[in-house]
Amino acid sequence: MILPNVFITYKMTAMTDKLNIKEILQFYLESGVNETCGSTPFCLSPLTSDFRQTRPAASSLALSASSAMQNADNICAQASSIEELKKIVENFDGCSLKNTAANTVMGDGNPEAEIMFIGEAPGAEEDLSGRAFVGRSGRLLDKMMAAIGLDRSQVYICNILPWRPPGNRSPSDAEIAVCLPFLRKQIEIVAPRYILALGAVAANSLLNIGDTMSKLRSHWFDYNFAADKTAKVLATYHPAYLLRTPSQKSKSWADFLRFAKEISQNN
Ligand code: URA
């Protein structure tokens, strides 16, 4: 369970009169809290105002998301390599996920590959290491790739979001919209011929649609990323979902075979 620091701060100021810090931490541990978001240590000074009253209205959130998105789009134009883009993304302040993440996680693998895999967002291990798909899902993905004769030297693997959402929560629509220019720019730089979207969030965000995985995985999509450049996109289950639902692995295997067949027929 994750507890935002702001909540801890809020609760702790109310509790510190009566309990010492050790007792409070014990209380949180016993309640199942094993993670906080943000690197700021506990703060014991009283909050100046109730954070619930300082939430911006939905309309101003939408406005700030659209200007952050515009800003992300503009700054991406300056990048001509993944390294340059990484620096730009690391310096971008328009998405609050960056504040709670340990690292900005860009793509792993080969930026000159013809094949791109796109996941949702870094998890805990990716956040700590700064590398995409290195945790449990990544280890399963490596095995699935190996089963169709691929490894990370032949694939560029990235995510819709470069920052881990706290506690692995689902990203909001605004967070996805703000970060999409970074994904589009990665696609433009890598210029893949084939994309495998891992999970419905990745596929729907990339293709700007809203279908279930059972509908998404049944056909190929085109993704145009320049006047004359198109990648063929297939969607399949996210490896994290397969870890939770192993019975779906056979469908995923069928998708991987379909993906591999298309590549081998065109090479
Ligand atoms: N899940 C993802 O979608 N991406 C990662 O990098 C790790 C887990």
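Details of the structure are given in the entry above.
So, here is what we can say about the structure in this document. (Residues numbered from 1 in each chain as written. Predicted model: local features only at pLDDT ≥ 70, side-chain atom pairs only at ≥ 80, totals over all residues. Heavy atoms only, no water.)

So, the site of the ligand
Inference 1: Near the ligand you find Gly-119, Glu-120, Ala-121, Pro-122, Gly-123, Glu-126, Ala-132, Phe-133, Asn-159 and His-238, and these make up its full shell.
Inference 2: At a separation of 2.8 Å, an oxygen atom of the ligand approaches a polar backbone atom of Glu-120.
Inference 3: Here an oxygen atom of the ligand and a side-chain polar atom of His-238 are 2.7 Å apart.
Inference 4: Bound to the protein, the ligand loses 93% of the 240 Å² it would expose on its own.
Inference 5: For the shell around the ligand, the residue count by class is four nonpolar, four polar and two charged. (Near = heavy atom within 4 Å. Polar contact = N/O pair within 3.5 Å; in protein donor to acceptor, adjacent residues only side chain to side chain. Areas by Shrake-Rupley, 256 points an atom, 1.4 Å probe, with all protein chains shown as cover. Nonpolar A, V, L, I, M, F, W, Y, C, P; charged D, E, K, R; others polar.)

As for the nonpolar core
Inference 1: Judged by nonpolar contacts, the single largest core of 67 residues is most densely connected at Phe-117 and Ile-118.
Inference 2: At eight residues, helix α8 (residues 173–190) tops the list of elements feeding residues into this core.
Inference 3: Once residues within four sequence positions are removed from consideration, Ile-118 is found in contact with Cys-158, Asn-159, Ile-160, Leu-183, Ile-187, Ile-195, Leu-196, Ala-197, Leu-198, Ala-202 and Leu-206. (Core = buried A, V, L, I, M, F, W, Y, C linked by side-chain atoms within 4.5 Å. Buried < 20%, exposed > 50% of the residue type's maximum accessible area, 1.4 Å probe, protein only. Helix = DSSP H or I, 4+ residues; strand = E, 2+ residues; numbered from the N terminus. Contact = heavy atoms within 4.5 Å.)

Looking at the pattern of salt bridges
Inference 1: Counted under the stated rule, the structure contains eleven salt bridges.
Inference 2: Taking the shortest distance from any N to any O, the salt bridge between Lys-98 and Asp-93 comes out at 2.9 Å.
Inference 3: With a relative accessible area of 64%, Asp-93 lands in the exposed category.
Inference 4: Note that Asp-255 is salt-bridged to Arg-217, the shortest N-O span being 2.9 Å. Of this pair, Asp-255 sits in helix α12 (residues 249–265) while Arg-217 is found in the loop between α10 (213–216) and β7 (221–226), placing the two residues 38 residues apart along the sequence.
Inference 5: Given the relative accessible area of 16%, Arg-217 is considered buried.
Inference 6: Linked by salt bridges that have partners in common, Asp-108, Arg-131, Asp-142 and Arg-152 make up one network. (Salt bridge = Lys/Arg side-chain N within 4 Å of Asp/Glu carboxyl O.)

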